[in-house]
Amino acid sequence: MKDEILAHLRYSLGKDAGHASVYDWRMALSLSLRDRMVDPWFRSTQASYEKRVKRVYYLSMEFLIGRLVEDIAANLGLVDEARAAMADLGQDYDLLVKDEPDAALGNGGLGRLAACFMDSLATLGIPAMGYGIRYEHGLFEQDFVEGKQVEKAETWLAQRHAWEFERPEVSYQINFGGHVQHQDGKAKWHPHETVLATAYDTPVIGWQGKWANTLRLWSARPQTEFDLASFNRGDYLAASRSEALARTISRVLYPDDTTETGKELRLKQEYFFTAASLQDLLRRFLSDHDNIRDLPEFAAIQLNDTHPAIAGPELIRILVDRHGLGMVESIELARRCLGYTNHTLLPEALERWPEWLLGRVLPRHLEIIRAIEDSQQGQHPGSPRILDHGNVNMGELAFIMAHKVNGVSALHTDLVKSTVFADLHRIHPTRIVNQTNGITPRRWLHGCNPALSTLITREIGDAWPADLDQLRGLRSLAGDKGFLTEFRAAKRTNKERLSNWVSEHCGVAIDPDAMFDIQIKRIHEYKRQHMNILETIALWNDMHANPTAGWTPRVKIFGGKAAPGYHVAKEIIHLINDVARVINTDPVTRDLLKIVYPPNYNVTMAEMLIPAADLSEQISTAGKEASGTGNMKFALNGALTIGTLDGANVEIREHVGAENFFLFGLTAEEVVERRKHPGYARAAIEQSPRLQKVLAQIAEGRFAPQDPGRYHGLVGNLWDHDHFLVSCDFDSYFDTQRRADEAFKNPATWSAMALHNTANVGWFSSDRTVQGYARDIWHVRSALGATLEQSA
Ligand code: GPK
């Protein structure tokens, strides 16, 4: 390996060892790791070609990947070798690992789920391709200036991306605008604008390097680089106009999580990557099949949310306008290829495009959507409409064009059936299925938590990363004092690592013996970070009044970004930072309570925070969090959850046992019921002196003395609307936190409870999730043969 790295340093980077920077060394290491992926990658591709197997195509606007060096080295079983090689070369391996920027091509859970699925598909040997957009700028970087979020463009591609292969020869034309001409029963689209989609491939290697798939990301470029005639006239701006327009399409990731954007550029992005992916998979299919009608036997196309929902109309367009199939047959054929995953019930997140806008950007597709609507209404009169009040409902479109629609947790799937898609569910009672989310154990335990992983491997062997149910083997150790001590020591190691990092990066000293209580996720009212900070203030009040009452010391850790246009979420960030400043400098509670909110939460930060957590905050208003996946990562790493009966919390609690989970709050049904009573918030606050006091402190400017009115809006909203029922759940949340305090005082019982979490959440491996999709939706098999089939 050492020779390979040196060769890359010299011949790929043009540096000798004496002049190489950290970047050069990292690139050389990455390129030599990439080399090691190529042969398994070719073997996998060849195997799927030869066997003419069915492939999965996972279409996703987002892939939230994070760093790759360690992940790939671990999957190839090369970590020790890589480390030793770098040491021989006088380089610090850990420093190189830290030099890699996060590939942040996603906002949050939905994008991270796609990345976990890619890892599982490769590990399971399921022939698959991920399709997405190669954004030049990923999710914005977050900084805090006087406690307020400011956003900065992210620039991961300022440096070369080590893992990708550019494929200039794999380019497709993508058309926009113009008009449609109808002649002799045929439609011809005359577009107004054309850009090229060019492929960039990243191999995705599975555990132990047995199989590799491809993540193919599309980059937009102009069809003609620039207009030479304008250039020669001296009009340089006009000469590069088309180039700028085209490149805009893959320029930047939309930073909105679960809110609708409704911008033309977003629609173009969606069509851009969907159309390129369909052209690509059809080219592959037609290169060794001659009957387009066989497509559903060889291609399972999964739509990660409605973002690629235009795939339905686009596939029909190709079948009708290019292959001459009839409209009705094409609709049926397309449906047999397509699956749709729903990730949210929040009405503001359901994509709707104004009909005029969709018709302007994609005129032929609007005609086809009308045909889909007619066919649906013909077969099922009174069916919910795709076209409605001048809008195109992408949820209805995706539902009607998919043969299976899935929710992402048991509760969410039930709610999908009974709320957003209730009418469609009545018409198509077998279409909706559940596939509870999962997480890859390679990154989220083996990679991020060496201390615990080593211990687990010592006890149950090293097969668990590919078969997470084996963690069950740890159950019997819950009564083993010696083992629990070691389990606690592993947690302690991770907490020390985090404490050092926090003191260095945030300038706050925290005590590794305190309870580390962590809430990390996008900032959103439904996730209720504000309830957490209100509870923190209430706790501080009590501690301050009576500091010697035997409190359990706590460190409250927050992490997460707000969508740049989401005003209330930004206020919540500001409030947390304001409260942190006041509490962290209170001499009375200095050894009892600290608040830490490091800016720019991302995948890499999660990998450090999660292994160090004692308590995982999963406190969304019941019925609002579709699943959550952070909840699974925490439980796997031996944190206890304080949470509501929402999303996958419900199933996590069933797996780990109610006695090992801090449950509080209204149920989804109770939430619906409570909302029917106007004034519920005021009534709840009036019954809670503790909450009243906290709200008064905030409103009086206790945490922003220079600007006492700063949070009047936020507090007023809690009194008057409180759509997410912070007021109603507050007391029960506070009381449950105190139960957690009590439990934490006894390290032996706490760590036994924590072990019951680790040992019982093997089911939440994304390998299990992906096997569920493979069985119920895609009807595909592993190409790795009988061994894997059995373990499935
Ligand atoms: C759901 F609708 C969306 C969205 O636009 N972005 C996103 O990250 C999340 N999600 C849900 O909020 C989570 O509950 C869920 O675990 C995750 O998607 C993956 O399914």
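Residues numbered from 1 in each chain as written. Predicted model: local features only at pLDDT ≥ 70, side-chain atom pairs only at ≥ 80, totals over all residues. Heavy atoms only, no water.

Enquirer: Got a sec to walk through the overall build of the chain? Specific residues and values, please.
Expert: Counting its secondary structure elements, the chain contains 34 helices and 24 strands. Expected size for 792 residues packed as a compact globule is a radius of gyration near 28 Å; at 27 Å, the chain falls within 12% of this value. Dimensions along the principal axes, computed over C-alpha positions, put the chain at roughly 85 × 70 × 65 Å. Expressed as a percentage of the 792 residues in the chain, the buried residues total 61%. Nonlocal contacts in the chain, meaning residues at least 24 apart in sequence, comprise 77% of its contacts between residues at least 6 apart. Of the roughly 29900 Å² of accessible surface on the chain, a fraction of 51% belongs to carbon and sulfur atoms. Here the chain carries 87 positive and 102 negative side-chain charges, and the mean point of each set is 1 Å from the other. (Helix = DSSP H or I, 4+ residues; strand = E, 2+ residues; numbered from the N terminus. Rg over C-alpha atoms; globule rule 2.2 N^0.38 Å. Buried < 20%, exposed > 50% of the residue type's maximum accessible area, 1.4 Å probe, protein only. Contact = heavy atoms within 4.5 Å. Areas by Shrake-Rupley, 256 points an atom, 1.4 Å probe, with all protein chains shown as cover. Lys, Arg positive; Asp, Glu negative; His and termini not counted. Charge placed at Lys NZ, Arg CZ, Asp CG, Glu CD.)

Enquirer: I'd like to hear about the site of the ligand, residue by residue, with values.
Expert: What surrounds the ligand is a group of 17 residues, the closest being Leu110, His343, Asn437, Glu625 and Gly628. Separating an oxygen atom of the ligand from a side-chain N or O atom of Glu625 is a distance of 2.6 Å. Separating an oxygen atom of the ligand from a backbone N or O atom of Ala626 is a distance of 3.3 Å. Here the ligand, which alone exposes 430 Å², has 94% of that area covered by the protein. Partitioning the shell around the ligand into residue classes produces five nonpolar, nine polar and three charged. (Near = heavy atom within 4 Å. Polar contact = N/O pair within 3.5 Å; in protein donor to acceptor, adjacent residues only side chain to side chain. Nonpolar A, V, L, I, M, F, W, Y, C, P; charged D, E, K, R; others polar.)

Enquirer: Summarise the nonpolar core; cite the residues concerned and give the values.
Expert: Within the largest apolar cluster, 245 residues are counted, with the highest numbers of intra-cluster contacts made by Leu29, Leu33, Ile174, Trp218, Phe272, Ile301 and Trp778. A per-element tally of this core places helix 10 (residues 264-288) first, with ten residues. Residues in contact with Leu29, not counting those within four places in the same chain, are Met1, Ile5, Val69, Ala82, Met86, Tyr93 and Leu96. One finds Ala622, Leu666, Ala668 and Leu725 within the second-largest nonpolar core, a separate group that totals nine residues. (Core = buried A, V, L, I, M, F, W, Y, C linked by side-chain atoms within 4.5 Å.)

Enquirer: An account of the sheet that holds strand 24 (residues 662-663) is requested, with residue identities and associated values reported.
Expert: In space, the six strands of this open sheet follow the order 21-20-19-22-23-24, with parallel pairing throughout. Two strands close off the open sheet at either side, each with one partner strand: strand 21 (593-596) and strand 24. By the bridge criterion, four bridges tie strand 20 (residues 554-559) to strand 21 in an arrangement that is parallel. Following the sheet pairing, Lys556 is matched in strand 21 by Ile595. Packed onto the sheet, helix 21 (residues 481-506) meets strand 19 (515-520), strand 20 and strand 21 and runs at close to 65° relative to strand 19. (Pairing = 2+ DSSP bridges. Axes fitted to C-alpha atoms, helices over the stretch in contact; angles between N-to-C directions.)

Enquirer: Now, about the packing of aromatic side chains: what can you tell me, with residues and values included?
Expert: On inspection of all chains with the given rule, the structure shows 23 aromatic pairs. Aromatic pair Phe483 and Phe487: ring centres 6.3 Å apart, planes at 25°, arrangement stacked. Here Phe483 pairs with Phe487, and both are found in helix 21, just four residues apart, close to one helical turn. Each member of the pair Phe483 and Phe487 is classed as buried. Taken together through their ring pairs, the aromatic side chains of Tyr57, Tyr131, Tyr172 and Trp218 make up a single cluster. Taking the ring centre of Tyr49 as reference, the NZ or CZ of Arg55 above it sits at 5.0 Å. (Phe/Tyr/Trp six-rings, centres within 6.5 Å; stacked < 30°, edge-to-face > 60°. Lys NZ or Arg CZ within 6 Å of the ring centre and 35° of its normal.)

Enquirer: Which residues make up the pairing of strand 13 (residues 338-341), and what are the values?
Expert: Here strand 13 shows no split at all, with Leu338 and Tyr340 on one side and Gly339 and Thr341 on the other all buried. Here strand 12 (residues 299-304) pairs with strand 13 via four bridges, running parallel. From the neighbouring strand, Asn304 faces strand 13, where its bridge partner is Thr341.

Enquirer: How would you sum up the sheet that holds strand 1 (residues 55-59)? Please name residues and give values.
Expert: Taking strand neighbours across the sheet as the criterion, the nine strands line up as 7-10-11-4-1-12-13-17-18 in an open arrangement whose pairing is mixed. Each edge of the sheet is formed by a strand with only one pairing partner; in this case those strands are strand 7 (165-176) and strand 18 (432-434). Across the sheet, the mean angle separating the axes of adjacent strands is 25° when strand polarity is ignored. Across the sheet, helix 9 (residues 241-248) lies against strand 10 (193-205) and strand 11 (212-222), angled at about 150° from strand 11, the strand it touches most. Against the sheet, helix 17 (residues 410-418) engages strand 17 (404-407) and strand 18, with an angle of about 165° to strand 18.

Enquirer: Give a detailed account of the domain arrangement of the chain, specifying residues and quantitative values.
Expert: For an interface, size is often stated in terms of accessible area lost upon the parts coming together. For the chain, the assigned domains read domain 1 (1-51 + 81-101), domain 2 (52-66 + 102-143 + 151-437) and domain 3 (441-672 + 733-764). A separation of 35 Å is found between the C-alpha centroids of domain 1 and domain 3. (Domains from an automatic or database assignment.)

Enquirer: Could you give me a rundown of unusual backbone geometry, with the residues and numbers involved?
Expert: In this structure, Gln208 takes a positive phi of about 65° despite not being glycine. Relative to the helices and strands, Gln208 resides in the loop between strand 10 and strand 11.

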